[in-house]
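# Structural overview for review
As a plain string of letters, each chain reads:
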Amino acid sequence: MTIKPLIILPDPLLRQASRPVETVDAAVRKLADDMLETMYDAPGIGLAAIQVGEPLRMLTIDLSGEDDEKAPRVFLNPEVVATSDALSVYEEGCLSIPDYYAEVERPDAITLRYLGLDGEMHEEAATGLLATCLQHEIDHLNGILFIDHISKLKRDMVVKRFTKIARKSG
Ligand code: NI
């Protein structure tokens, strides 16, 4: 397994829509392993493939606590097929926007359809933090970031700050 460099705001890759995974082959399995390794190293609870520069509809999630056993999940071509009317608010962050957090409101419950590493289609209901995390990561597959769900004023400030940092280090 390899820890891959993370793509950071304002890299235009983050605005690119990812393409579907066509077959669950060795390359996809290797990427899933690398994504998990990268996510654990960061550390983070969710990662989309585009965040390591691979424009594929793939995400990894692990919501287990620090002292719990690891519970890695891999979702290929995930699609939200139903959402609840009830909303919930979580403070979100993103490995591509380090050290910035903001409250985002999203549907509290979703029904998800996805391809597993087993090559089978699955349907799963998710609520609470898992539902939020899945929606955040699926947004990445469509070039959407959590800062798109906050006010334009706040978003412009964040983008400006990260653009300045990128200019300095580039
Ligand atoms: Ni993110």
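Below you will find a few notes about this structure. Everything quoted here is computed from the prediction, not taken from an experiment. (Residues numbered from 1 in each chain as written. Predicted model: local features only at pLDDT ≥ 70, side-chain atom pairs only at ≥ 80, totals over all residues. Heavy atoms only, no water.)

In this section: the environment of E92. For E92, the location among the structural elements is in strand β4 (residues 87-94). Classification of E92 as buried rests on a relative accessible area of 5%. Each C-alpha atom of the pair E92 and E105 lies 9.7 Å from the other, and the pair is 13 residues apart in sequence. In this view, E92 contacts Y100, Y101, A102, V104, R106, T132, H136 and F146; residues no more than four positions away in its chain are not counted. Within the structure, the side chain of E92 is placed 2.9 Å from the side chain of H136, a separation counted as a polar contact. (Helix = DSSP H or I, 4+ residues; strand = E, 2+ residues; numbered from the N terminus. Buried < 20%, exposed > 50% of the residue type's maximum accessible area, 1.4 Å probe, protein only. Contact = heavy atoms within 4.5 Å. Polar contact = N/O pair within 3.5 Å; in protein donor to acceptor, adjacent residues only side chain to side chain.)

Before going further, it helps to examine the coordination of the nickel ion. Protein coordination at the nickel ion comes from C94 (SG), H136 (NE2) and H140 (NE2), with a distance range of 2.1 to 2.3 Å. The sequence pattern formed by the donor residues of the nickel ion is C-x41-H-x3-H. Here H136 lies in helix α2 (residues 128-141) and C94 lies in strand β4, a separation of 42 residues in the sequence. No difference in accessibility class separates C94 from H136, as the two residues are buried. (Donors = N, O, S within 2.8 Å, 3.2 Å for Na, K, Ca; no water.)

This next bit is on the layout of surface pockets. Counted as a void, the largest pocket has a volume near 450 Å³. Every residue lining the largest pocket is counted, 21 residues in all, and those nearest its centre are I45, E92, G93, C94 and Y101. Listed by contribution, the elements that provide at least two residues to the lining of the largest pocket are β4, β5 (97-107) and α2. Partitioned by chemical class, the residues of the lining of the largest pocket number eleven nonpolar, six polar and four charged. Space inside the second largest pocket adds up to approximately 250 Å³. Class assignment for the residues of the lining of the second largest pocket results in four nonpolar, three polar and four charged. (1 Å grid on protein atoms, 1.4 Å probe; cavity = no way out; pocket = protein on both sides within 12 Å on 5 of 7 lines; lining within 4 Å. Points joined across faces, edges and corners; volume = space filled by probe spheres on them. Nonpolar A, V, L, I, M, F, W, Y, C, P; charged D, E, K, R; others polar.)

Moving on, we get to the sheet that holds strand β1 (residues 46-48). Pairing is antiparallel across the open sheet formed by five strands, whose spatial order is β1-β2-β3-β6-β7. Of all strands in the sheet, those with a lone pairing partner are β1 and β7 (121-127), marking the two edges. In this sheet, neighbouring strand axes are inclined to one another by 40° on average, regardless of whether the strands run parallel or antiparallel. (Pairing = 2+ DSSP bridges. Axes fitted to C-alpha atoms, helices over the stretch in contact; angles between N-to-C directions.)

Right, let's get into the pairing of β4. Two faces belong to every sheet, and in a regular strand the side chains alternate between them. In terms of strand pairing, β4 meets β5 through seven bridges, oriented antiparallel. Looking at β5, one finds that E92 is bridged to A102.

Under the counting rule described, the total for this entry stands at two aromatic pairs. The ring centre of Y40 lies 4.3 Å from the NZ or CZ of K70, which sits over that ring. (Phe/Tyr/Trp six-rings, centres within 6.5 Å; stacked < 30°, edge-to-face > 60°. Lys NZ or Arg CZ within 6 Å of the ring centre and 35° of its normal.)

All told, the structure shown has eight salt bridges when counted by the stated rule. Of the charged contacts in the structure, one is a salt bridge between D148 and R15, with a shortest N-O distance of 2.7 Å. Highlighted residues: D148 in the loop between α2 and α3 (152-169) and R15 in the segment before α1 (26-41), separated in sequence by 133 residues. Relative accessible area serves as the criterion here: at 29%, D148 is assigned to the partly exposed category. R15 sits in the partly exposed class, given a relative accessible area of 40%. For the salt bridge of D34 with K30, the shortest nitrogen-to-oxygen distance reads 2.7 Å. Residue D34 and its partner K30 are both found in helix α1; the two are separated by four residues, about one turn of the helix. With relative accessibility at 42%, the residue K30 sits in the partly exposed group. Each of E92, R106 and D139 takes part in salt bridges that share partners, so that together they form one network. (Salt bridge = Lys/Arg side-chain N within 4 Å of Asp/Glu carboxyl O.)

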